[in-house]
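Observations on the three-dimensional arrangement
So the chains spell out like this:
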Amino acid sequence: MTDKIAVGVLGATGAVGQKFIKLLENHPWFEVKEVAASERTAGRCYAEAVSWKQVTPIPEAVRDLEVRPCLPDLKCRIVFSGLDASIAGEVEESFARAGYAVLSNSRNHRMDDDVPLVIPELNHDHLAILPIQRANRGYRGCIVTNSNCSTMFLAMALGPLHREFTVEQVLVTTMQAISGAGYPGVPSLDILGNVIPYIGGEEEKMESETRKILGRFDGKRIDLADFPVSAQCNRVAVEDGHMESVSVKLARKTTAEEIAALWAGFSGPPQQLRLPSAPERPLVVMEGRDRPQPRFDVNRSNGMSTLAGRIRPCPVLDFKFTLLGHNTVRGAAGASILNAELLKAQGYLE
Ligand SMILES: NC(=O)c1ccc[n+]([C@@H]2O[C@H](COP(=O)([O-])OP(=O)(O)OC[C@H]3O[C@@H](n4cnc5c(N)ncnc54)[C@H](OP(=O)(O)O)[C@@H]3O)[C@@H](O)[C@H]2O)c1
């Protein structure tokens, strides 16, 4: 017998889906009871259906689960979605209509007016739009989204800066890992020894999602934060971890030391509520002049912190710095799980 909340994973065989399965093993509140994917894999047992790419074995409790089609008849209360965007939109809607809390990684609903796009440390108050979503759409459940992976780390760093100094302009150039493209992802002959200066839709996502997350909910709608973001996104031959070189213009004068202290001392509701997946520090400031680096730093804080370094004056805007985060953990599955923990802690699952 267990009093854990039964959860399902949609897209359980994919890169993000596997990370859900791994991160939910031994979760104190949630237990994976259902796994679902496409008709190609449905009907098989999970261990046979999946091409498992994690460094730990498939959890015993999940190995023999039958992969179900993505229909809203799963025996669980919450579904985590790591579905391909070609299908996620309508599948997630059908689950929310049927009463499930849907925690989505896909882009389809992130920018919908009545769907919260949540990073709990920054905009937990946006969850208060859920009653409006339910009324608008006739949902018994709800859809809560987390950001695109590269947006996550940018927004996390900009959030405290915007609150304290008011961000006016942002330039960001990313170096994104191949695991961000799912499995099998980018062909090896395209990426080995190479950099691909194009990731479809990624720049637009960073430019819009950041402003929604840092926008203000006035009780009726979410107004986007009032600063432009210009993003350039590149795929590089790194397994895990998205790096970002960022320049910002701020309305109020500050120093690199003040920014470092602000980030190092930053925390939010996940830390105050001691949510099970919350990193002790959402932003870790690294001292070394050549850090952070994906190979050495990406798994810090179990992949749930954003790592920042090289904070220095920028001769064009005001300051520049480097960010790094784990794209399939804090940038995807870990972010959804933290959002679900916040929903539970704030009483949205009752
Ligand atoms: N990878 C990242 O770092 C990352 C970060 C943030 C957000 N995301 C987003 O998360 C989602 C999943 O990404 P991923 O990298 O995990 O992709 P992926 O490895 O390609 O996995 C896609 C999953 O969707 C399932 N699927 C595909 N077509 C389906 C259909 N018609 N019906 C039902 N299920 C279907 C696949 O099941 P089968 O095995 O049965 O085909 C698989 O489980 C995407 O929307 C992506 O943009 C990814």
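Structure: see above.
Residues numbered from 1 in each chain as written. Predicted model: local features only at pLDDT ≥ 70, side-chain atom pairs only at ≥ 80, totals over all residues. Heavy atoms only, no water.

Some words on the overall build of the protein
Broken down by element type, the protein carries 13 helices and 15 strands. In terms of C-alpha radius of gyration, the protein reaches 19 Å, essentially the compact-globule figure of 20 Å for 350 residues. Its C-alpha atoms give the protein principal-axis dimensions of roughly 60 × 50 × 35 Å. Taken over 350 residues, the protein has a buried fraction of 53%. Put simply, 74% of the contacts in the protein that link residues at least 6 apart link residues at least 24 apart. As displayed, the protein has an accessible area near 15,500 Å², and 48% of this comes from carbon and sulfur atoms. (Helix = DSSP H or I, 4+ residues; strand = E, 2+ residues; numbered from the N terminus. Rg over C-alpha atoms; globule rule 2.2 N^0.38 Å. Buried < 20%, exposed > 50% of the residue type's maximum accessible area, 1.4 Å probe, protein only. Contact = heavy atoms within 4.5 Å. Areas by Shrake-Rupley, 256 points an atom, 1.4 Å probe, with all protein chains shown as cover.)

Quick look at the sheet that holds strand β4 (residues 78-81)
Strands sit in the order β3-β2-β1-β4-β5-β6 across an open sheet of six strands; the sheet is parallel. Each edge of the sheet is formed by a strand with only one pairing partner; in this case those strands are β3 (67-69) and β6 (142-145). Between one strand and the next, the sheet's axes are offset by a mean angle of 30 degrees, whatever the strand orientation. Bridge count for strand β1 (residues 5-10) against β4 is four bridges, and the pairing is parallel. Bridged to Val7 within β4 is Ile78. Sheet contacts for helix α1 (residues 15-24): β1, β2 (30-37) and β4; angle to β1, the most-contacted strand, approximately 155 degrees. Sheet strands in contact with helix α13 (residues 329-345) are β1, β2, β4, β5 (101-104) and β6, and its direction is about 150 degrees off that of β5. (Pairing = 2+ DSSP bridges. Axes fitted to C-alpha atoms, helices over the stretch in contact; angles between N-to-C directions.)

So, the packing of aromatic side chains
Counting across every chain of the model gives six aromatic pairs. An aromatic cluster of three or more residues is present, and its members are Phe20, Trp29, Phe30 and Phe80. Here the basic side chain of Lys344 rests over the ring of Trp29, its NZ or CZ set 4.8 Å away from the ring centre. (Phe/Tyr/Trp six-rings, centres within 6.5 Å; stacked < 30°, edge-to-face > 60°. Lys NZ or Arg CZ within 6 Å of the ring centre and 35° of its normal.)

Overview of the sheet that holds strand β8 (residues 195-196)
Read from one edge to the other, the open sheet built from seven strands follows the order β8-β11-β7-β12-β15-β14-β13, with strand pairing classed as mixed. Edge strands, defined here as strands with exactly one partner in the open sheet, are β8 and β13 (283-285). Here two bridges tie β8 to strand β11 (residues 229-236), and the two strands are oriented antiparallel to one another. Paired with Val195 across the strands is Val236, a residue of β11. The strands touched by helix α9 (residues 202-213) within the sheet are β7 (167-176), β11 and β12 (242-250), with β11 carrying the most contacts at an inclination of about 135 degrees.

What to know about the pattern of salt bridges
Inspection of every chain in the model, using the stated rule, returns twelve salt bridges. For Asp73, the salt bridge goes to Arg68, with nearest N and O atoms at 3.2 Å. When the shortest N-O distance is used, the salt bridge between Lys205 and Glu202 registers 4.0 Å. Of this pair, Lys205 and Glu202 both sit in helix α9, three residues apart, which is roughly one turn of the helix. The buried category is assigned to Lys205, whose relative accessible area is 18%. Glu202 gets classed as buried once you look at its relative accessible area, which sits at 5%. Through salt bridges with shared partners, a single network forms among Glu34, Arg68 and Asp73. (Salt bridge = Lys/Arg side-chain N within 4 Å of Asp/Glu carboxyl O.)

Thoughts on the nonpolar core
Grouped together as the largest cluster of nonpolar side chains are 39 residues, with contacts concentrated most on Ile21, Leu24, Tyr46 and Phe80. For this core, the secondary structure elements donating two or more residues are β1, α1, β2, α2 (46-49), β4, β5, β6 and α13. No other element matches α13, which puts eight residues into this core. Each residue touching Ile21, except ones within four places of it in the same chain, is listed here: Val9, Ala12, Val32, Val35, Tyr46, Trp52, Pro59 and Val62. (Core = buried A, V, L, I, M, F, W, Y, C linked by side-chain atoms within 4.5 Å.)

Focus on the pairing of β7
Of the pairings in the sheet, the one linking β7 to β12 comprises eight bridges and is antiparallel in character. Paired with Thr174 across the two strands is Glu244, which belongs to β12. Note: β7 against β11, seven bridges, orientation parallel. Looking across to β11, one finds that Val170 is bridged to Val229.

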